[in-house]
Amino acid sequence: MVARTNNVARAKGGRTPPFRLSSLLGAMVCASILPFLVGGRVNPVSGATGALETAGAYRRPLAHDPETLDPARISDVYSRSVSNQIFDGLVQYDATAAISPALAEFWRASRDGLTWTFQLRKNVKFHHGREATADDVVYSLSRLLDSRIRSGVAELFLNVRGAREFADGGAKVVSGLAALDRHTVQVTLQEAHAPFVALLAVGQAKIVPRDLVESQGEAFGIHPVGTGAFRLQHWERGKEIVLAANPTYFGSAPKLSRLTYRIFPGDQRDAMHDEFLKGGLEDTPVPVRADRRALAARGNHIYVRRPMLSVRFYGFNTRLKPLSDRRVRQAIMYAIDREAIINDVYFGQYIYANGILPPGMLGFNRRLTGYPYDPQRARDLLAQAGFSGGRGLGPITIWSGSKRADIVREHDQIKKSLGAVGITVDVRYLPDWPAFSKMLDEGKLPIFLYAWYADVPDPDNFLARLFHSRGPRNFFGYTNAAVDNVLMSARSTGDHERRVELYQKAEQLILEDAPIVPFFHHTYERLFQPYVRSIEVNGLGDPYIPFRKIWLERAR
């Protein structure tokens, strides 16, 4: 999860025709699940036939120089994009964001779902030559809970037995983490948690060599050593990070000989794109004002677009009047023409959100109708709440942590929509993110713009963390005992179909209460050179692209 808003573009020349979101989504999902595996013996650039060069150096841009490459300490997407190529976890996310084996060859759970046992692959070596063992696993997972490390995912692992005592300094070890022998790890939980194994695939839960981390301390983040498909060869601050292939990787050696991250400080998308067009990069972000339809139609590059596991929304502080009245919140939902804003302001770049769970997520419900644009229904609800025509309602304040031009245009349209049903809106901007977060945590913001990105590709990461009455990111003051019960039942059951049923029920109950206005789901977009093959992008985006699978198809 990262609370942020992506760079977005506005179309030139006014409003564009609305996208057919359902058909577009279908095409995007198909493109995202199936990796680009282009066969044949024809060079797509020159058309020449004959021998092909499949190895080689891959160059890609990075918008910021990482602070550290120590997985447990990473808090940004740029560092994670690099470190995920250097390190492995017990398990990993595949092209569909499902769980697959990594350092753990297989695992099993006890009948009560409390004890998980992982069998490690044998003879897997760290880059410095030592075998990875169960002791390294216990050490690595314990570090996530060490308050001195301040890992951003510590709260995900507090359900491990003894985790809280260790995090608070009351215990020297985490009692629920044990190395049974050199290649067997056992994890004991406080409560059954169906998506637990998925937590072990997050970028911070990678396995590090205990001996090096203990001897180097924070310097390990500058000289990282993992078991991954690539190892650090060279890091010149502010310029580039060069990774070399690990020829002894336990899966199979990468097809690329080298992976270079060229650093473009400050997210210089236009400069990245220019370098891409010159042939200096193998991929690049899509330029901010690019015509997406034109990109998809061109044949001189590969255009990858897929929905991200995210939701961008406006949250209501349900503790404050008049937003404590569900009818007022519902009226605001009906009054805003969200689809028009996505098309007018963002040129159809994002996916309209009927609900909370994004496409591609377990439990995503295509049958949700949500709150379509219906200003008359909004007026009726306001009247039922005692605010006919908006009289007596007073101005409603929306807070935003960003004052980008496109967001300001979005707010102008929201003001217009709400004004049409009698609601006056005051928008306030606080670009100082720590200050914005503090006010949010203190419950001082009536309505606030927020974006949620999945830590883990599981509905529990959205619905329980945001909307359970004791959820760690319940900024809304939202409480519903029925929702709490359904979410806890979904978390504990191991029946896949039952979990889907329960999460869809919870989402429907939450939407009826309207603690948020779901706006859109972000999309991952990138351009690749026409000779790049075997690209896999799942809903977690760039950090989880397995570059060990990518190869380059060029004539020798």
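Further up the page is the structure itself.
To keep things clear, this report deals only with the structure shown in the data block.

What counts and what doesn't
- Along each chain, numbering runs from 1 in the same order as the chain's sequence is written.
- In keeping with the predicted nature of the model, local features appear solely for residues at pLDDT of at least 70, side-chain atom pairs appear and are counted solely at 80 or more, and the whole-chain, interface and lining totals rest on all residues.
- Values shown for side chains rest on all heavy atoms present in the structure; no hydrogens or waters enter the calculation.
- Strands qualify as paired when DSSP identifies two bridges or more between them.
- Helix and strand definitions follow DSSP, with helices as H or I runs of at least four residues and strands as E runs of at least two, each counted in order from the N terminus.
- A fitted line through C-alpha atoms serves as each axis, taken over the contacting stretch for helices, and the angle formed by two N-to-C directions is quoted from 0 to 180°.
- Between Lys or Arg on one side and Asp or Glu on the other, a salt bridge is scored when a side-chain nitrogen of the former is within 4 Å of a carboxyl oxygen of the latter.
- For the exposure calls, accessible area comes from a 1.4 Å probe over protein chains only, and a residue counts as buried if that area is under 20% of its type's maximum, exposed if over 50%, partly exposed in between.
- Note on contacts: a residue pair qualifies if any of its non-hydrogen atoms lie within 4.5 Å across the two residues.
- Here a crossover is taken to be right-handed if, once the strands point away from the viewer, the path from the first strand over the helix to the second is traced clockwise.
- Here a Phe, Tyr or Trp ring, Trp counted by its six-membered ring, pairs with any other such ring whose centre lies within 6.5 Å, and the pair is stacked when the planes are under 30 degrees apart, edge-to-face when over 60, and tilted otherwise.
- Both a distance and an angle decide whether a charge sits over a ring: NZ of Lys or CZ of Arg must be within 6 Å of the ring centre and within 35 degrees of the ring normal.
- Just so you know how the angles are binned, under 35 degrees is roughly parallel, over 145 roughly antiparallel, 65 to 115 roughly perpendicular, and the rest oblique.
- In a left-handed crossing the near helix is turned counterclockwise from the far helix by less than a right angle, and in a right-handed crossing that turn is clockwise.
- For this classification, Asp, Glu, Lys and Arg are treated as charged, while Ala, Val, Leu, Ile, Met, Phe, Trp, Tyr, Cys and Pro are nonpolar and the rest, including Gly, are polar.

Moving on to the sheet that holds strand β13 (residues 302-307). The strand order across the open sheet formed by three strands is β12-β20-β13, and the pairing between neighbours is antiparallel. Strand pairing shows two members of the sheet lacking a second neighbour, β12 (283-285) and β13, which therefore form its edges. Strand-to-strand twist of the sheet, defined as the mean angle between neighbouring strand axes without regard to direction, takes the value 25°. In this structure, β13 lies alongside strand β20 (residues 523-528), joined through six bridges in antiparallel fashion.

Side chains carrying opposite charge are able to pair once their charged atoms draw close together. Summed over all chains, the structure comprises 31 salt bridges. A salt bridge links E282 to R59; its shortest N-O distance comes to 2.7 Å. Here E282, found in the loop between α7 (269-277) and β12, pairs with R59, found in strand β2 (residues 57-62); they are 223 residues apart in sequence, far enough to count as distant. On the basis of relative accessible area, E282 is assigned to the buried category, the value being 0%. Among the charged side chains, a salt-bridge network with shared partners connects R60, D283, R526 and D542.

With that settled, consider the side chain of T284. Within the secondary structure layout, T284 lies in strand β12. Classification of T284 by relative accessible area gives buried; the value is 0%. Beyond its immediate sequence surroundings of up to four residues, T284 is in contact with P61, M272, H273, F276, R526 and L527.

Our focus in this paragraph is the pairing of strand β17 (residues 425-429). Pairing analysis gives five bridges linking strand β16 (residues 396-400) to β17, with the strands arranged parallel. For I396, the partnering residue across the bridge sits in β17 and is V425. The handedness of the β16 to β17 crossover, carried by helix α12 (residues 405-419), is right-handed.

Applying the stated criterion across every chain, the model contains 22 aromatic pairs. Summarising the aromatic geometry, the rings of F467 and Y478 are spaced 6.4 Å apart at their centres and angled 85° between planes, so their arrangement reads as edge-to-face. Of this pair, F467 sits in helix α14 (residues 460-467) while Y478 sits in the loop between α14 and α15 (481-492), placing them 11 residues apart in sequence. Here F467 and Y478 have matching classes, each one buried. A network of ring pairs unites the aromatic residues F313, W433, F436, F448, Y450, F467, F475, F476 and Y478 as a single cluster. Over the aromatic face of F519 sits the side chain of R312, whose NZ or CZ is 5.9 Å from the ring centroid.

Moving on, we get to the sheet that holds strand β8 (residues 184-188). Taking strand neighbours across the sheet as the criterion, the four strands line up as β5-β6-β8-β7 in an open arrangement whose pairing is antiparallel. Single-partner strands in this sheet number two, and they are β5 (104-109) and β7 (177-181). Neighbour to neighbour, the strand axes of the sheet diverge by 20° on average, direction disregarded. Bridge count for β5 against strand β6 (residues 115-120) is five bridges, and the pairing is antiparallel.

In this fold, E512 is placed in helix α16 (residues 496-513). Residues E512 and Q330, 182 residues apart in the sequence, show an inter-C-alpha distance of 8.2 Å. Discounting chain neighbours no more than four positions away, the residues touching E512 are R326, Q330 and Y371.

Another point: the packing of α15 against α16. The N-to-C vectors of α15 and α16 enclose an angle of 160°; their axes lie 9 Å apart at closest approach. One element, α15, and the other, α16, form an angle in the roughly antiparallel class. Between α15 and α16 lies a crossing of left-handed hand. Mapping the contact onto sequence places A482, V483, V486, L487, S489, A490 and R491 in α15 and R499, L502, Y503, K505, A506, L509 and I510 in α16. For the contact of α15 with α16, the per-class residue count stands at 10 nonpolar, one polar and three charged.

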